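Chain by chain, the residues run as shown.
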Amino acid sequence: MSVSEEENLSSSQSQISSHFFCDLLDSVIVDVASECHRIAKLGLDANLDEEDEELKLSAQARARLADPSNSNESNGKYVVDIFGQTHPTVANEIFDCMNCNRSIVAGKFAPHLEKCMGKGRKARLKVTRSSSGSGAQNRRYSRGNNSSANRLANGNLRFAGDKHSNGSSQP
Amino acid sequence: MSSKINGQISPQPCPHLADFRTTSTKPFLSLHNCLRIKPPGGRASLRGNPNELPHCNTCGVHAPSRLYACISCSAVSCHSSASGAPSHAAAHAALLSPAHQIAIDIDRAELFCCACRDQVYDRDFDAAVVIAQTVASTLGGGESTVIPSPMPHPENLRKRRRVDYRPVTPDLRERALIGSCSAPIDGDDSFPEFPRGLRGLNNLGNTCFMNSVLQALFHTPPLRNYFLSDKHNRYFCQKNSNTDGDDSTIATRKKSGGNNGKTNGPICLACDMDAMFSAVFSGDRLPYSPAKFLYSWWQHAAKSNLASYEQQDAHEFFISMLDGIHEKVDKDRHKTHSDGSGDCCIAHRVFSGILRSDVMCMACGFTSTTYDPCIDISLDLEPNQGSSTKMAAAASSHSGNGEADSSQNHGISTLTGCLDRFTRAEKLGSNQKFFCQQCQVKQETLKQMSIRKLPLVSCFHIKRFEHSSTRKMSRKVDRYLQFPFSLDMSPYLSSSILRRRFGNRIFPFEGEEPDASNDLCSEFELFAVVTHSGKLDAGHYVTYLRLSNQWYKCDDSWVTQVDENIVRAAQGYMMFYVQKMLYYKATTDKPVA
């Protein structure tokens, strides 16, 4: 082939490929336009405004919280609750254990019950993780000793005979 | 102008389409014979013969994306307009008007009015497309019985209305009845300005996981109504099942008989719930110790042998105690939860919904559907920048104003984003091929979840705790998740998912009753948020409650009032939404009597 024939061939090839590309592009554009047109005409996109509003409120809330000039209402120590009461770190109500009938302080009821019902390995092993910061009024919960952490680490525990799935996306 | 059916407007036809409909008998009747459905997505296109290559009658061009078939005479014309001349499709319409003005976009099965130069919509046309799509996705193609019933006229649809709130005052007879058969709750309520039922719970020793869930349940409207209406009377229940006649139901302070307590009457978590409801709503504002409940629940959890009684995840506790309530009641009435109807017990009546799972063959489009009841929905919190496409669109439309928060919004995970992800069609890996009944071989599939039936109360659990088989890989995801105060669940319903899958056609998809009440059923209001703060192994649960449109923070024995912004910015772990119909907004201004 002569040079000019080759040139013609390649230019017509690029013309054809350009033509195909334009066809494909047209097709994609019309697809999207057609879908959006239908969605808009049938009113299927009605909730966008409300969603935007919620997002805006959430962003404002977080900004306000991050602002150090605002007093930190939610965390930290409480002075008094809405009923004007104060509460100690360890709940001091006293009642009887339903297992052994001894009088127990409320804040220590759960550990007592573990030993009382004979279930706790805690009863035999020393509790290794206790709450740090004795002044904290917030109760801390611990994941217990090694053996119980292993049990928990066995994955998402579901109760057998559980006839209801929790809808997780695992097939 | 146009009315809404199932959240969808049925647009009025343009005059040319209206003309066509009046003049032709049974339009679109044999349309489905020409519709080819492409698996697995159900995209419909028009072909006279399956293998034909459509082309414009006038100029012979083959580009299928711009070809239109006249519905009166099936002439195919192209719609590319070069150099300002009217396209061949427009020319055909003009030449043979008035009857030939409507055409079908053959590649998309959409109606196009050449006179209005706009896409138009017709219910019967869409119905024909959906029939073809349904046939393509069912076995043998002939089994489908989806013939649309005559479309109800919009005026008939508003049969079931929401009943407007009206305050009730007892008449004379009722007042006499109330006076003679009941007595006011003991004790003065010294805090009438705060709703009843607001009461702290003592931490009994690392039991905040339990306290936080209980607080949410005490204020779950249908559950609260059930117990406060004495639907499970603990005295009656214990009397029936107790052999030794002990009054074993009072949770605290009273000695529970002289025996060793192990056989204190059979365990009934519902009775213990009943006792707690009575205590919490009594008007006494000193913190309550849910000791008896803890005792009963531990025994139940130990029995199931699958979770340690030390289980300290709030969500696991939630599932476990609902199971406990179900178990006791179930034995009495021999009903199971398998149908998700919630007839078995109050726990399921309140929380149980039905999930639909569709598995679509990528090769032939055959769809296999299963239904499973579910008590809650666990959502993944993905580490990527999980903005939904709608969010991205909103962000880009705002960016022109130079608002600083638009870029902030762009990267935030949202509850609706998680739900979008939960209901999107996912291609299962090639190592997970399913056997397709139509192809008779294992094929790659597309799986999609949707909600067939919404529960009265939706609990969303965010999977923030990841455990793997090696202990070292346990971790907590602290990522912030935005959640709305009002949530519309309709985009996640099976009907909506199906509609989208079939191209958003005007058609009453599965589960939609031909009336307007569906709109209301899918609107939910947030009423409780359980949050977790701290680390995986040293953290704390707190519940925020929304009562009378005021937010309260329940941190074990401490109940305080908080601004809603605190809640919006909190790290949600479990979010509780109730159907708007059951959320007595009208009483928000009145103190609870």
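Along each chain, the written sequence defines residue order, and numbers are assigned to residues from 1. In the order they appear in the text, chains get letters beginning with A and ligands get numbers beginning with 1. Residues qualify for local features only when their pLDDT is at least 70, as the model is predicted, and side-chain atom pairs are given and counted only at 80 or more; totals for whole chains, interfaces and linings, by contrast, use all residues. Side-chain calculation: all heavy atoms of the structure are included, whereas hydrogens and water are not.

A.B. asks: Now, about the overall build of chain B: what can you tell me, with residues and values included?
C.D. replies: Per the convention used, a helix needs a DSSP run of H or I reaching at least four residues, while a strand needs a run of E reaching at least two, with both numbered from the N terminus. Helix and strand content of chain B: 17 helices and 27 strands. Across the 593 residues of chain B, 55% fall into the buried class. Contacts between residues were defined by any pair of non-hydrogen atoms, one from each residue, lying within 4.5 Å. Contacts spanning at least 24 positions in sequence make up 67% of the contacts within chain B whose residues lie at least 6 apart. The protein chains shown are the only cover counted for residues, whose accessible areas, like all others here, come from Shrake-Rupley with a 1.4 Å probe. With an accessible surface of roughly 26400 Å², chain B has 52% of that area assigned to carbon and sulfur atoms. Only protein chains enter the accessibility calculation, which uses a 1.4 Å probe. A residue is then buried if its area is under 20% of the maximum for its type, exposed if over 50%, and partly exposed in between.

A.B. asks: Lay out the overall build of chain A in plain terms, naming residues and giving numbers.
C.D. replies: A tally of regular secondary structure across chain A gives 4 helices and 3 strands. Taken from N to C terminus, the helices and strands of chain A fall in the order α-α-β-β-α-β-α. For chain A, the residues scored as buried account for 33% of the 171 residues in total. Put simply, 14% of the contacts in chain A that link residues at least 6 apart link residues at least 24 apart. As displayed, chain A offers around 10400 Å² of accessible surface, 53% of which is attributable to carbon and sulfur atoms.

A.B. asks: Tell me about the nonpolar core, residues and numbers included.
C.D. replies: The tendency in soluble globular proteins is for nonpolar side chains to be buried as a group. Counting 80 residues, the largest nonpolar core has A:Phe109, B:Met273, B:Phe293, B:Trp297, B:Phe318 and B:Phe576 as the members making the most contacts within it. Nonpolar cores were defined as sets of buried Ala, Val, Leu, Ile, Met, Phe, Trp, Tyr and Cys residues, with membership established by side-chain atoms within 4.5 Å. Grouped together as the second largest cluster of nonpolar side chains are 34 residues, B:Leu379, B:Ile462, B:Leu493 and B:Val562 included.

A.B. asks: Can you break down the packing of aromatic side chains residue by residue, with the values?
C.D. replies: Within 6.5 Å between ring centres, the rings of Phe, Tyr and Trp (the latter by its six-membered ring) count as paired, and their orientation is classed by plane angle as stacked under 30 degrees, edge-to-face over 60, tilted in between. Here the structure, examined in full by the defined rule, presents 21 aromatic pairs over all chains. Ring plane angle 90° and centroid distance 5.7 Å describe the contact between A:Phe83 and B:Phe194, whose orientation is recorded as edge-to-face. Remark: B:Phe194 occurs in the loop between helix H4 (172–181) and helix H5 (208–218) and A:Phe83 occurs in the loop between helix H2 (48–66) and strand E1 (94–96); the pair is interchain, linking two chains. By relative accessible area, B:Phe194 is classed as buried at 11%. Relative to B:Trp551, the ring of B:Phe485 has its centre 5.2 Å away and its plane inclined at 50°; by these criteria the two rings are tilted. Taken together, the residues span a long stretch of sequence, with B:Phe485 in the loop between strand E21 (481–482) and strand E22 (486–488) and B:Trp551 in strand E25 (residues 550–555) at a distance of 66 residues.

A.B. asks: Talk me through a nonpolar patch on the surface; I want residue IDs and the actual numbers.
C.D. replies: Exposure above 30% relative accessible area and no salt bridge define the residues that can form patches, which grow by joining like charges within 9 Å and nonpolar side chains of Val, Leu, Ile, Met, Phe, Trp and Tyr within 5 Å. A pair is scored as a salt bridge if a Lys or Arg side-chain nitrogen falls within 4 Å of a carboxyl oxygen belonging to Asp or Glu. Together, A:Phe21, A:Leu25 and A:Ile29 line one region of the surface with nonpolar side chains, adding up to about 300 Å² of accessible area. Residue position: A:Leu25 is located in helix H1 (residues 3–41).

A.B. asks: I'd like a description of the side chain of B:Asp122, backed by residues and values.
C.D. replies: Residue and element names in this part refer to chain B. Locating Asp-122 in the fold gives a position in the loop between strand E9 (118–120) and helix H3 (123–137). On the basis of relative accessibility, which here comes to 5%, the residue Asp-122 falls in the buried class. The term polar contact refers here to a pair of N or O atoms within 3.5 Å; inside protein, the definition further demands a hydrogen-donor-capable atom paired with an acceptor-capable atom, and it admits residues adjacent in sequence only when both atoms are side-chain atoms. Within the local environment of Asp-122, its side chain forms a polar contact with the backbone nitrogen of Asp-124, the two atoms lying 3.0 Å apart. Looking at Asp-122, its side chain comes within polar contact range of the main-chain nitrogen of Phe-125, at 3.0 Å.

A.B. asks: Would you mind going over the sheet that holds strand E17 (residues 445–453) of chain B in detail, with residue names and values included?
C.D. replies: All names here are of chain B. Taking strand neighbours across the sheet as the criterion, the 4 strands line up as E11-E10-E17-E14 in an open arrangement whose pairing is antiparallel. Each of the sheet's edge strands pairs with one partner strand only, and the pair in question is strand E11 (367–374) and strand E14 (426–427). Fitted lines through C-alpha atoms serve as axes, helices being fitted only where they are in contact, and the angles separating the N-to-C directions of these axes extend from 0 to 180 degrees. Helix-sheet contacts for helix H15 (residues 494–501) involve strand E10 (353–361), E11 and E17, and the interaxial angle to E17 is about 145°. We treat two strands as partners when DSSP finds at least two bridges between them.

A.B. asks: So what's going on with the sheet that holds strand E5 (residues 67–70) of chain B? Which residues, and what values?
C.D. replies: Residue and element names in this part refer to chain B. An order of E6-E5-E7-E8-E9 is seen for the 5 strands of this open sheet, with the pairing classed as antiparallel. Every interior strand has two partners, whereas the edge strands, strand E6 (76–78) and E9, have only one. On average, adjacent strands in this sheet sit at an angle of 40° to one another, irrespective of strand direction. As judged from the 3 bridges shared by E5 and strand E7 (residues 102–105), these two strands associate in the antiparallel manner. Among the inter-strand pairings, Tyr-68 is bridged to a residue of E7, identified as Asp-105. The strands touched by helix H1 (residues 15–23) within the sheet are E7, strand E8 (110–113) and E9, with E7 carrying the most contacts at an inclination of about 100°.

A.B. asks: Just give me the short version of the pattern of salt bridges, but keep the residues and values in it.
C.D. replies: Residue and element names in this part refer to chain B. Applying the stated rule across the entire model yields 20 salt bridges over all chains. With a closest N to O distance of 3.4 Å, Arg-43 and Asp-107 form a salt bridge. With a gap of 64 residues between them, Arg-43 in strand E4 (residues 43–46) and Asp-107 in the loop between E7 and E8 connect regions that are remote in the sequence. The partner of Arg-505 in a salt bridge is Asp-126, with the nearest N and O atoms 3.1 Å apart.

A.B. asks: Describe the pairing of strand E27 (residues 572–579) of chain B, and please don't skip the residues or the numbers.
C.D. replies: All names here are of chain B. With 8 of 8 residues buried, E27 is to be regarded as a mostly interior element. The sheet contact formed by strand E18 (residues 457–463) and E27 spans 5 bridges and is antiparallel. When the bridges of E27 are listed, Ser-458 appears paired with Tyr-577. Strand direction decides the pairing type here: strand E23 (residues 523–534) and E27, joined by 7 bridges, are antiparallel. Following the sheet pairing, Ala-528 is matched in E27 by Phe-576.

A.B. asks: An account of the environment of B:Pro484 is needed here, citing residue identities and associated values.
C.D. replies: One can find B:Pro484 in the loop between E21 and E22. Residue classification places B:Pro484 among the buried residues on the basis of a relative accessible area of 6%. Each C-alpha atom of the pair B:Pro484 and B:Leu526 lies 7.6 Å from the other, and the pair is 42 residues apart in sequence. B:Pro484 has contacts with A:Glu54, B:Leu415, B:Leu526 and B:Tyr577, leaving out every residue within four places of it along the chain.

A.B. asks: Tell me about H5(B), and please be specific about residues and values.
C.D. replies: Among the 11 residues of H5(B), 11 are classified as buried, and the element is accordingly described as predominantly covered. Taken together, the buried positions of H5(B) are occupied by B:Cys208, B:Phe209, B:Met210, B:Asn211, B:Ser212, B:Val213, B:Leu214, B:Gln215, B:Ala216, B:Leu217 and B:Phe218.

A.B. asks: Give me the lowdown on the confidence of the model for chain B, citing residues and values where you can.
C.D. replies: Residue and element names in this part refer to chain B. pLDDT: the predictor's confidence for each residue, scored from 0 to 100. Averaged over all residues, the pLDDT of chain B is 78; the fraction at 70 or higher stands at 74%. Of all secondary-structure elements in chain B, the lowest mean pLDDT belongs to helix H12 (residues 389–399), at 41, while H5 reaches the highest, 96. In the model, residues 385–409 has pLDDT below 50 throughout and makes 27 contacts with residues more than four positions away in sequence or in other chains. Contacts for the low-pLDDT stretch residues 589–593, under 50 throughout, to residues beyond four places or in other chains number 3 contacts. Interface confidence for the predicted complex, given as ipTM, is 0.73, next to a pTM of 0.78.

A.B. asks: Break down the packing of helix H7 (residues 234–241) of chain B against helix H8 (residues 269–280) of chain B for me, with residues and values.
C.D. replies: Residue and element names in this part refer to chain B. Their axes nearest at 9 Å, the elements H7 and H8 cross at an angle of 155°. In terms of axis orientation, H7 runs roughly antiparallel to H8. Regarding H7 and H8, the two cross each other, and that crossing is left-handed. The residues of H8 that touch H7, namely those facing Arg-234, Cys-237 and Gln-238, are Cys-271, Asp-274, Ala-275 and Ser-278. Classification convention: Asp, Glu, Lys, Arg as charged; Ala, Val, Leu, Ile, Met, Phe, Trp, Tyr, Cys, Pro as nonpolar; all other residues, Gly among them, as polar. When its residues are assigned to classes, the contact of H7 with H8 shows 3 nonpolar, 2 polar and 2 charged. When an angle is under 35 degrees it counts as roughly parallel; over 145 it counts as roughly antiparallel; between 65 and 115 it counts as roughly perpendicular; any other value is oblique. The crossing is said to be left-handed when, going from far helix to near helix, the turn is anticlockwise and less than a right angle, and right-handed when the turn is clockwise.

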